[in-house]
Structures are given as C-alpha cells and as structure tokens.
Amino acid sequence: AQTVTQSQPEMSVQEAETVTLSCTYDTSESDYYLFWYKQPPSRQMILVIRQEAYKQQNATENRFSVNFQKAAKSFSLKISDSQLGDAAMYFCAYRSQSTGNQFYFGTGTSLTVIP
Amino acid sequence: KAGVTQTPRYLIKTRGQQVTLSCSPISGHRSVSWYQQTPGQGLQFLFEYFSETQRNKGNFPGRFSGRQFSNSRSEMNVSTLELGDSALYLCASSYPGLTSGANVLTFGAGSRLTVL
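The following refers to the structure shown. Note that the coordinates shown come from a computational prediction; the quantities given were computed from them, not determined experimentally.

Bringing the overall build of chain B into the picture now. Looking only at helices and strands, one finds 0 helices and 11 strands in chain B. For chain B, the α and β elements follow one another from N to C terminus as β-β-β-β-β-β-β-β-β-β-β. Scaling as 2.2 N^0.38, a compact globule of 116 residues should have a C-alpha radius of gyration of about 13 Å, and chain B matches this with 14 Å. The 116 residues of chain B split such that 51% are buried. Approximately 5,400 Å² of chain B is accessible, and the part contributed by carbon and sulfur atoms is 50%.

Next up, the structure:
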C-alpha cells in the first residue's frame, strides 16, 4: 500500500512570512495525483492544491505553491505571505490510479500563524 | 451548489450499540467515500461507493458497513460499538473525469461519534 509521510507534526510562521510544509510518499506507480488539504479548527477539510504526477510543472494557487520532485517522491507545500486564516491542520494526500478513488493521507502538520 | 451534508453532526452512544451515519453528496457526484479521523491514526479510508456499488474497502472489521442509494446518498453503519470507534467520520464526494475538478474529494463537516 502507498504511504504518505509528513515529518513535521507542528510548524509555526510569522504573519506575512513564508513557510514550507514537507511531504514524502512511497509508491511504485508512475501515474497518480497528489493533494494538499487544509482542515481549519472548524474541521471542514478544504482542498488547497493538487498536482498530477505526469505534469512536470509545479501547481500554483495564489499564495500556495508546491515543489513536486517525482524522482525523490517529495511534494512540499509553500505558503507565501502567510495570513492568520492559514492556521490549520494541513494534510498531504495521494490518490492512486490503480485503486480507484482511494486516497492515502499523511498524519498532518499543524500550522500556527503568529501575528 | 450545496456542499456535502453529513448528519448527525454529533452523537453519543454506549458500547454495544449500533449507529448509522448519513451523507448527501454534491449534486452530480456519484462517488462517496468514508474516512475515520482520530488524533492518533489520522485519516483512514473506510470504503468508497460508486453508483450503488462498493468499489473499494479499507482495512476495517466487518462491523463497519455502508451502502449507497440510487440518488447517490450514502449511509455507513457501525454495529456493536467499541470505545475505540470514537472518532470523526468524514464523508467525501467526487466525480470522475479529466477536468480540473475531477477526482478531487470534497468533504462534509463530519459526524463526531463518542462511544461511552
């Protein structure tokens, strides 16, 4: 089974600064999807950004961008100009092409934004 | 467009009882997945239904079951509840395809189950 590892249980960042959250995964597949989800204290999970493995270009969504290193099986999330509303639990997730719609999630990184 | 709706939001049960949770997906989404979220284990996949058929199943005991109706609404049932079943149960819906929004899970707010 695929595994997703988030090695940083907690991170903090000053407001307006940049922070990078790490994620690595283990797979033997060549085609898959990677995601970052955000779960604020109100607990509704929200999609932040997604990346298709066949695309070499890193995905970007406004202040959120990823650094996708396929060979290294690394998928980090960079949050620029951090805002108080970015405080949340962030989950990295992997979706296999071979197991249909089953997602594998990391254990999460709790991000604190310091005013 | 309405989001994914889960009911009930909170419930308290005692050991040995059974519970049924409901999930209404986004209109047009035919895939519904269920996840169990606990502080120690993170999000663990329970099962996925597509067009009323269970397509994938996670590594949970047979006490956990689910079903999907013709309108794509889904229910999950846990029988003979144990203390360890206390968790946030998340439902997510999605649709297949090649568009940018396809194959993305949209989550509900969850059902918080406490087993005493």
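Our next topic: the state of the cysteines. All names here are of chain B. Scanning all chains against the criterion turns up 2 disulfides over all chains. Each sulfur in the disulfide pair C23 and C91 lies 1.8 Å from the other. Residues C23 and C91 are joined through a disulfide that is left-handed, its torsion about the S-S bond being -60 degrees. Of this pair, C23 sits in strand β3 (residues 19-24) while C91 sits in strand β9 (residues 87-94), and the two are 68 residues apart along the sequence. Judged by its relative accessible area of 0%, C23 is buried. Judged by its relative accessible area of 0%, C91 is buried.

Further remarks concern the interface of chain A and chain B. Each partner contributes residues to the interface: chain A has 17 residues there, and chain B has 25 residues. Interface area for chain A against chain B, summed over the two sides, is near 1,800 Å², with a carbon-plus-sulfur share of 48%. Here chain A is connected to chain B by 0 salt bridges. Put simply, chain A and chain B have 5 residue pairs in polar contact (both at pLDDT 80 or more) between them. With 4 residues, strand β5 (residues 32-39) of chain A is the single largest residue contributor to the side of chain A that touches chain B.

Further remarks concern the side chain of Q8(A). All names here are of chain A. Looking at where Q8 falls in the secondary structure, it is placed in the loop between β1 (3-5) and β2 (10-14). Its relative accessible area of 17% is what places Q8 among the buried residues. Leaving out residues up to four positions away in the same chain, Q8 has contacts with T20, L21, S22, G108 and T109.

Next up on the list: the nonpolar core. Y25(A), W36(A), F75(A), L77(A) and Y90(A) are the most contacted members of the largest nonpolar core, which totals 26 residues. Mapped by element, the contributors of at least two residues to this core are β3 (19-21), β5, β6 (46-52), β8 (64-69), β9 (74-79), β10 (88-96) and β12 (109-114) of chain A. At 4 residues, β10(A) tops the list of elements feeding residues into this core. Among residues more than four places away in sequence, those in contact with L77(A) are V19(A), T20(A), L21(A), W36(A), V48(A), I49(A), F64(A), S65(A), V66(A) and Y90(A). Residues L46(B), L81(B), C91(B) and V115(B) belong to the second largest nonpolar core, which totals 21 residues.

As for its placement among the helices and strands, D85(B) is situated in the loop between β8 (74-78) and β9. Accessibility expressed as a relative area gives 4% for D85(B), which makes it buried.

Rules used in this analysis
- Residues numbered from 1 in each chain as written.
- Chains lettered and ligands numbered in written order.
- Predicted model: local features only at pLDDT ≥ 70, side-chain atom pairs only at ≥ 80, totals over all residues.
- Heavy atoms only, no water.
- Helix = DSSP H or I, 4+ residues; strand = E, 2+ residues; numbered from the N terminus.
- Rg over C-alpha atoms; globule rule 2.2 N^0.38 Å.
- Buried < 20%, exposed > 50% of the residue type's maximum accessible area, 1.4 Å probe, protein only.
- Areas by Shrake-Rupley, 256 points an atom, 1.4 Å probe, with all protein chains shown as cover.
- Disulfide = S-S within 2.5 Å.
- Contact = heavy atoms within 4.5 Å.
- Buried area = accessible area lost by both parts, 1.4 Å probe.
- Salt bridge = Lys/Arg side-chain N within 4 Å of Asp/Glu carboxyl O.
- Polar contact = N/O pair within 3.5 Å; in protein donor to acceptor, adjacent residues only side chain to side chain.
- Core = buried A, V, L, I, M, F, W, Y, C linked by side-chain atoms within 4.5 Å.

As far as function goes, none of this settles anything; it's purely spatial.
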